[in-house]
Amino acid sequence: MDLGGWLDGFFDVFFPRSCVSCGKVVEAGDFRHLCAGCGRRVVYAGSPRCDTCGYPIFGAVESGRSCPHCLHLRPEYRVGRTACLFQGPVRALVHALKYERAEYVARDLSILAVHSPGFLDHLRGAVLVPVPLHRRKLRERGYNQSELIARRLSAVGGSSIRVENLLERVVDTPSQTHYSRKDRQTNLKNAFALAGNAAIMADTRYVLLDDVFTTGSTLNACAKVLRRSGVKDLDIATIGHG
Ligand SMILES: [Zn+2]
Ligand SMILES: [Zn+2]
């Protein structure tokens, strides 16, 4: 007997789940915490897209690499992919995970990755390196949301996707949300370091993983540390972009 499935059914009858985005009751479907209507509102990042940040290029393809989202960035990695745009239902899921202790929505974020064209292929055969939280933040939140997402991605994407916590956040920088791009870069200087027990394999492909791509400053600061530590084959991936 499928006890897990039976229990899910039991809880659904007595404690119906509500959509984290609009509050409606969630019926059976791909997502556990998004209703079908909100599920359909997710915008996946298909091709053509920017090679550095993964943002889809809508309409006519612009000449050269002129993505307005990452023009300023000198990427320390090769390719960046994002599963979907960080808006509406995706924003609600990430917000619940980061600020409402809703650890359980990490599964739905991995479902976004499954539905996003080519996204899991980008992760296959790689070691995922979650962007770390500072100890203080980790204590406060109880978990690192990027690590939770990475572990779910490894569960849905197969055994070729592994997860290793190779980085540490050594400086407790203030929340980056209200800083300009330039200030973010200054704040993040030396904020990350290789973890004490980290071992880098020369012939391994690594993919840095974060929940959201905003300016790319955090991911690029992490990429710089991995590069300096001997990583040659390095890409990045995020669930949302915006
Ligand atoms: Zn909804
Ligand atoms: Zn871009």
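You'll find the structure just up there.
What you see is a predicted model, and the numbers here were worked out from it, not measured in a lab.

**Section: the coordination of the zinc ion (ligand 1)**
And then number 1: Around the zinc ion (ligand 1), the protein contributes the donor atoms Cys19 (SG), Cys22 (SG), Cys35 (SG) and Cys38 (SG), which lie 2.3 to 2.4 Å from the metal centre.
And then number 2: Every donor residue of the zinc ion (ligand 1) comes from the same chain, spaced as C-x2-C-x12-C-x2-C. Taken as a pair, Cys22 in the loop between helix H1 (3-14) and helix H2 (36-40) and Cys38 in helix H2 lie far apart in primary sequence, 16 residues in all.
And then number 3: Relative accessible area serves as the criterion here: at 40%, Cys22 is assigned to the partly exposed category.
And then number 4: In this structure Cys38 comes out as buried when scored by relative accessible area, which is 3%.

**Let's talk about the coordination of the zinc ion (ligand 2)**
And then number 1: Donor atoms from the polypeptide that coordinate the zinc ion (ligand 2) comprise Cys50 (SG), Cys53 (SG), Cys67 (SG) and Cys70 (SG), at 2.3 Å from the metal.
And then number 2: In this structure, the zinc ion (ligand 2) is surrounded by four donor atoms whose angles at the metal cover 100 to 119°, and the resulting shape is tetrahedral.
And then number 3: Read from N- to C-terminus, the donor residues coordinating the zinc ion (ligand 2) fall into the pattern C-x2-C-x13-C-x2-C. Taken together, the residues span a long stretch of sequence, with Cys53 in the loop between H2 and strand S1 (80-85) and Cys67 in the loop between H2 and S1 at a distance of 14 residues.
And then number 4: We classify Cys67 as buried; its relative accessible area is 13%.

Each value, and the rule that gives it
- Note on numbering: residues in each chain are counted from 1, in written sequence order.
- By the order in which they are written, chains take letters starting at A while ligands take numbers starting at 1.
- Totals for whole chains, interfaces and linings use all residues, but because this is a predicted model, local features are given only for residues with pLDDT of at least 70 and pairs of side-chain atoms are given and counted only at 80 or more.
- Processing note: side-chain calculations cover all non-hydrogen atoms of the structure and skip hydrogens and water entirely.
- Listed donors are limited to N, O and S atoms within 2.8 Å of the metal, widened to 3.2 Å for Na, K and Ca; water is not among them, so incomplete-looking sites are possible.
- The secondary structure listing takes helices from DSSP runs of H or I that are at least 4 residues long and strands from runs of E that are at least 2 residues long, numbered from the N terminus.
- Using a 1.4 Å probe on the protein chains alone, a residue whose accessible area is under 20% of its type maximum counts as buried, one over 50% counts as exposed, and one in between counts as partly exposed.
- In this scheme the shape depends on donor count and angles: four donors with every angle between 85 and 135 degrees give tetrahedral, four or six donors with opposite pairs above 155 degrees and others between 65 and 115 give square planar or octahedral in turn, and any other case is irregular.

Everything listed is a geometric property; what it means functionally is a separate question.
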